[in-house]
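# Summary of structural features
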Amino acid sequence: MSMRLIRFSFPLALCLAFFGVALFFAPCLSVFGANASRNAVEPLDGVRIAWDYSSMRSLAPRGGYARMLRLADRSVVMVYEDWALHDRAGTCGNTVIIRSYDEGVTWSEPEVIFPYFQATNKETGETALVGMYNPEVIQLANGDILVATDYRPQKPEVTPYAIAVRKSVDNGKTWSDIKILYEAQPRFHDGCWEPSFLQLPDGRVQVYFANEGNFTHSGEQEISVITSADNGETWGEARRVSFRRGHRDGMPVARVIGDEIVVAIEDNKEGNFRPYTVRTKLEEDWASPVLDDSPGRDYCLTDSLEDNVIMGAPYLLTLPTGETLLSYQSTQGGRPSRVSSQAMNVVVGDKSARRFGRVTQPFPLRDDQQSMWNSLALWDERTVVAVGEVRLKRTGKPTFIKGYILNDMEVRGKRIEEYPLFVGAKTEANLRVGLGADRSRLYIACKVSDPTPCAAPSGTEEGDGVFLLINARNVSSDTPVEGVYKLWCSSVGDVKLWEGESGRWEPLPADGVKVDVSASSGGYELRFTLPRKRMDVGEVIRIGAGISNYTPDGGNVEFLVNGEADAPHTWIKATLGGKKGGRRK
């Protein structure tokens, strides 16, 4: 272990003693002063998702449309299309399930739940290969597991498109016979697609799906629902959930949110698909379907995008904090406006599944790569997973990546046991940050995982290291101002310091900054002690962080998700006192 302690120089101490002016860490005189108010903006509070590049894993050599679920016994299952006959018939194949009992480190061999088969039309004698597509999985409150899929005949006018379900009452050891819940028409343009489960608070189970079966003379499509009152043993008739005349409501995912059923759908009202929600009160249960532009239909995003942007295949998830996540596949962000360029995006919504923003892209993809037919799942109380059909070269693979739920922090005491801030969406290297405080000092601990150590030349930031960003008085500014600090520390403990001033960073002597440096397996740790009085640190601050990761081929600097290094209002809010924040070791 090495330690650097940079003490106050004698001239600076004299200045502090005789003039009472804190030349180091000069505080902002008022958070509402001229410098701050000129740049005052709404602060970015609440949930954001930090994706962990190092956690990304492909779980099969080919396949897609994957859905993942944590079961009551803490194992994790994933269902997907295995494309067993992809050389013969596009991506035709089985619906399979795999399972992990060790937190996703190892997985079982695929078990076929719905096998592809040859169907014969009894009247004409014609045959067609029927592939299994669009699987979904749920575990009911009583422990039963249901898996759904849709049947897609590879030749028209032989056998119907259909929605099918199988059930396990013994935690997935055995499966019931297949139940056909709904049959559409025997042709592609009048089929049924994309089943999605929901269990209501009263125990009823529902399957939502996109349905063209009622529109044999048009290209229209509705969302339909089928309900079971006995845990999937028997099922009722299909009912209409939503329909926009002349258009195609599609790909439903339903959640119970408060006293409502909320369904995320894709809606092509104005050309390309966009993510919308439709909703009904629980007690009404779609007694009146949502039509056209009724009050129950809402565009999801806070941002309006160009008309040529594609945004389809939504998926909805409720977080333990009550906020909501929405994913969709899109050409957003300047990607070419073509199907082969779509990537998974995730946005954060409020507790009513509205006002989705703070976009992130879980899988780091080039414009010629894609992630399609994606989904979201809860891994644990502080972690989600994004699951996609990720195509890096020619073949799509069911792939997942973890995302950590970041939120406003509450800090109690100087001892740091939790590391709730995470930066590491771009490379294998990542940074975890914990925060502590007492009445006189601020403590910041950084754990860096970096498999390619590359020390920065002294006096530079061109090597491995950490940036810390401290908004000491929670100033709501979009530029660096007084009372806002940026600190750089290399992996070997070289320190540089700046303070904001009128929209720019001004260098300061790093006197008084104490940093302990220690090597760890596959990385290094930095522990900082900073003087609260000289920084004028209040009870509520904002903190940001960044990791500098260099290799012999070049360097990469990444900052806190949805945050900007020069925009203090985008950093995480931290209250220095009260309950502890989220734990991530």
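These numbers were taken from a predicted model, which means no experiment stands behind them.

What counts and what doesn't
- Residues numbered from 1 in each chain as written.
- Predicted model: local features only at pLDDT ≥ 70, side-chain atom pairs only at ≥ 80, totals over all residues.
- Heavy atoms only, no water.
- Helix = DSSP H or I, 4+ residues; strand = E, 2+ residues; numbered from the N terminus.
- Rg over C-alpha atoms; globule rule 2.2 N^0.38 Å.
- Buried < 20%, exposed > 50% of the residue type's maximum accessible area, 1.4 Å probe, protein only.
- Contact = heavy atoms within 4.5 Å.
- Pairing = 2+ DSSP bridges.
- Axes fitted to C-alpha atoms, helices over the stretch in contact; angles between N-to-C directions.
- Phe/Tyr/Trp six-rings, centres within 6.5 Å; stacked < 30°, edge-to-face > 60°.
- Lys NZ or Arg CZ within 6 Å of the ring centre and 35° of its normal.
- Salt bridge = Lys/Arg side-chain N within 4 Å of Asp/Glu carboxyl O.
- Lys, Arg positive; Asp, Glu negative; His and termini not counted.
- Polar contact = N/O pair within 3.5 Å; in protein donor to acceptor, adjacent residues only side chain to side chain.
- Core = buried A, V, L, I, M, F, W, Y, C linked by side-chain atoms within 4.5 Å.

The next point concerns the overall build of the protein chain. The helix and strand tally for the protein chain stands at 3 helices and 41 strands. The C-alpha atoms of the protein chain give a radius of gyration of 27 Å, which matches the 25 Å a tight globule of 585 residues would have. C-alpha extents for the protein chain along the principal axes are approximately 100 × 45 × 45 Å. For the protein chain, with 585 residues in total, the buried portion stands at 56%. Partitioning the contacts of the protein chain with sequence separation of at least 6, the portion at a separation of at least 24 is 57%.

Relative to the elements of secondary structure, Val 359 occurs in strand β25 (residues 357-360). Put simply, Val 359 and Trp 379 are 20 residues apart on the chain and 20 Å apart in space, counted from C-alpha to C-alpha. Ignoring any residue separated from it by four or fewer positions in sequence, one finds Val 359 in contact with Tyr 328, Gln 332, Asn 345, Val 346, Val 347 and Asn 562.

On to the sheet that holds strand β4 (residues 64-70), then. Sheets are built from strands that pair by backbone hydrogen bonding, the pairs being arranged parallel or antiparallel. Strand order in the open sheet made by the 4 strands is β4-β5-β6-β7, with antiparallel pairing throughout. Of all strands in the sheet, those bounded by a partner on one side alone are β4 and β7 (111-114). Direction aside, the axes of adjacent strands within the sheet are offset by 25° on average. Relative to strand β5 (residues 76-81), β4 is paired through 5 bridges, and the arrangement is antiparallel. Residue pairing in the sheet places Arg 67 in a bridge with Val 79 of β5.

All right, on to the packing of aromatic side chains then. In total, this model carries 12 aromatic pairs according to the counting rule given. With a centroid separation of 6.4 Å and 65° between ring planes, the pair formed by Trp 107 and Phe 400 is classed as edge-to-face. Of this pair, Trp 107 sits in the loop between β6 (95-100) and β7 while Phe 400 sits in strand β28 (residues 396-406), and the two are 293 residues apart along the sequence. Per residue, the accessibility class of Trp 107 equals that of Phe 400, and both read buried. Between Phe 117 and Tyr 151 the ring centres are 5.5 Å apart and the planes differ by 70°, which places this aromatic pair in the edge-to-face class. Of the two residues, Phe 117 sits in strand β8 (residues 117-120) while Tyr 151 sits in strand β10 (residues 145-153), which places them 34 residues apart along the sequence. According to the relative accessible area criterion, Phe 117 is partly exposed, its value standing at 30%. These aromatic residues form a ring-pair network of at least three members: Trp 107, Trp 379 and Phe 400. For Arg 67, the ring lying beneath its charged end belongs to Tyr 65, and the centroid distance is 3.8 Å.

Turning our attention to the pairing of strand β33 (residues 465-471). Counting buried residues along β33, 7 of its 7 residues qualify, which places the element largely inside the surrounding structure. Direction of pairing for β33 relative to strand β34 (residues 484-490): antiparallel, over a ladder of 7 bridges. In the strand pairing of β34, Leu 469 is matched with Lys 486. Both β33 and strand β39 (residues 540-551) contribute to a ladder of 7 bridges, which runs antiparallel. Across the sheet, residue Gly 465 finds its bridge partner in β39, namely Ser 548.

Moving on to the sheet that holds strand β19 (residues 274-281). Across the sheet, 4 strands lie side by side as β17-β18-β19-β21; this open sheet has antiparallel pairing. Across the chains shown, the open sheet's two edge strands, defined by having one partner strand only, are β17 (250-257) and β21 (297-299). Strand after strand, the sheet turns through a mean of 25° between neighbouring axes, direction not considered. The pairing of strand β18 (residues 260-267) with β19 spans 8 bridges and is antiparallel. The residue of β19 that forms the bridge with Glu 260 is Lys 281.

Bringing the pattern of salt bridges into the picture now. Per the stated rule, a full pass over the model turns up 32 salt bridges. Of the charged contacts, one joins Lys 167 and Glu 233 as a salt bridge, the two residues approaching to 2.7 Å between their closest N and O atoms. With a gap of 66 residues between them, Lys 167 in strand β11 (residues 162-168) and Glu 233 in the loop between β15 (222-228) and β16 (239-243) connect regions that are remote in the sequence. Because the salt bridges share partners, they merge into one network encompassing Arg 244, Asp 249, Asp 267, Lys 269, Asp 293 and Arg 297.

Considering the arrangement of structural elements, one finds Asp 450 in the loop between β32 (441-449) and β33. Despite its burial, Asp 450 remains without a salt bridge, the nearest opposite charge being carried by Arg 432 at 12 Å. Within the structure, Asp 450 has its side chain in polar contact with the backbone nitrogen of Thr 452 (distance 3.0 Å). Discounting chain neighbours no more than four positions away, the residues touching Asp 450 are Ala 429, Asp 464, Gly 522, Gly 523 and Asn 549.

Proteins that are soluble and globular tend to have nonpolar side chains buried together. Counting 46 residues, the largest nonpolar core has Leu 435, Ile 444 and Phe 528 as its most contacted members. The residues touching Ile 444, leaving out its near neighbours within four places in the chain, are Ile 416, Val 433, Gly 434, Leu 435, Leu 468, Ile 470, Leu 526, Arg 527, Phe 528, Leu 530 and Ile 543.

Without other data, these values stay purely geometric and don't point to any function.
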